[in-house]
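Reading the structure
One letter stands for each residue in the lines below.
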Amino acid sequence: MTVVRRYVAFSDNPAGGNPAGVVLDAADLDDATMLKIAADVGYSETAFVTRTLGERHHRVRYFSPLAEVPFCGHATIATGVALGPGEHVFTTKAGEVPVVVADGQATLTSVAPTIDELPDSTLAALLTALRWSADDLDPALPPQVAYAGAYHPIIAANSRDRLARLDYHFDALKSLMEARGWTTIQLVFRTGDDSFDVRNPFPVGGVVEDPATGAAAAALGGYLRALRLVGPDSTLHLRQGDDLGRPSRLTVTLVPGDPGVRVSGGAVALD
């Protein structure tokens, strides 16, 4: 019998954070079965440990209710805490992701991030699907597509009110994201030199919004570093989920000489 453990990640309170399913022994499960389990669980992602490659080294796959995703940050944090304290390595479809766990907290280090331009025509289509206009954008944070294991357009609002009013066209945004290979849309509002409020539409996963998105947090860290919008050794604080009533807190750390981006947070078992 397959055992699905349930956690919330990026919170120390079961009422907050982003729920994730965790299956620690998925060696005998095929893709269709993992997708069905993820759909039955109903969370934005469920992580499956499909193989042990060595001591504290695991192959991990991630499924939303609708599809497999190459990498998921909050399910990685949850899986790390489920595996227990110590230093782990997850081999994912995006690459190897070290995870350090201590005292109910986990820190993942992403694969090396990249950023790419968002063509004007694609940005226009994205803004239309979001029901935003160009006047809603913060010119200090230019739209880009960032990657740190999964692709996320980064779109910055010029006000907290604009971020709060999330009312996008679900089918149109889903179609655009599927065509471009995007996992979520990272909507941000800069609240301070090292702090951001963020929201993540996730229609390709079958949910309107993700309450906490570690992969997008890593992508944002890489974007900010590449554009020199923060210092090379910054610690960033992301607030997410408040608009959904599921407060989540993500810490992003940039370390000089380390090409990856570190994303930290807690996880609490729901079972």
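Refer to the preceding data block for the structure.
To keep things clear, this report deals only with the structure shown in the data block.

Conventions we followed
Residues numbered from 1 in each chain as written. Predicted model: local features only at pLDDT ≥ 70, side-chain atom pairs only at ≥ 80, totals over all residues. Heavy atoms only, no water. Buried < 20%, exposed > 50% of the residue type's maximum accessible area, 1.4 Å probe, protein only. Helix = DSSP H or I, 4+ residues; strand = E, 2+ residues; numbered from the N terminus. Pairing = 2+ DSSP bridges. Salt bridge = Lys/Arg side-chain N within 4 Å of Asp/Glu carboxyl O.

Examining the pairing of strand β16 (residues 248–253)
Here β16 shows a clear split, with S248, L250 and V252 buried on one side and none of R249, T251 and T253 buried on the other. Across 6 bridges, the pairing between strand β15 (residues 235–240) and β16 is antiparallel. Considered in β16, the bridge of T235 is made with T253. Bridging between β16 and strand β17 (residues 262–269) involves 3 bridges; their strand directions are antiparallel.

Let's talk about the pairing of strand β6 (residues 86–92)
Judged from the 3 bridges that link them, strand β4 (residues 57–63) and β6 form a sheet pairing that is parallel. Across the sheet, H58 pairs through a bridge with F90, a residue of β6. Note: β6 against strand β7 (residues 95–102), 7 bridges, orientation antiparallel. Bridged to F90 within β7 is V97. Connecting β6 to the antiparallel partner β7 that follows it, the hairpin turn spans 2 residues.

A look at the pattern of salt bridges
Between side chains of opposite charge, a pair can form when the charged atoms approach closely. Counted according to the given criterion, the structure contains 14 salt bridges. Put simply, R160 and D243 hold a salt bridge, and the shortest N to O gap is 2.8 Å. In this pair, R160 sits in helix α4 (residues 160–164) while D243 sits in the loop between β15 and β16, placing the two residues 83 residues apart along the sequence. A residue is classified by how much of its surface remains accessible, and R160, at 25% relative accessible area, is partly exposed. Under the relative-accessibility criterion, D243 is labelled partly exposed at 35%. Its salt-bridge partner being E209, residue R199 comes within 2.8 Å of it at the nearest N-O pair. Here E209 lies in strand β14 (residues 207–210) and R199 lies in strand β13 (residues 195–202), a separation of 10 residues in the sequence. Accessibility expressed as a relative area gives 6% for R199, which makes it buried. You can call E209 buried: its relative accessible area is 10%.

Such coordinate-based values are descriptive only and should not be taken to indicate function.
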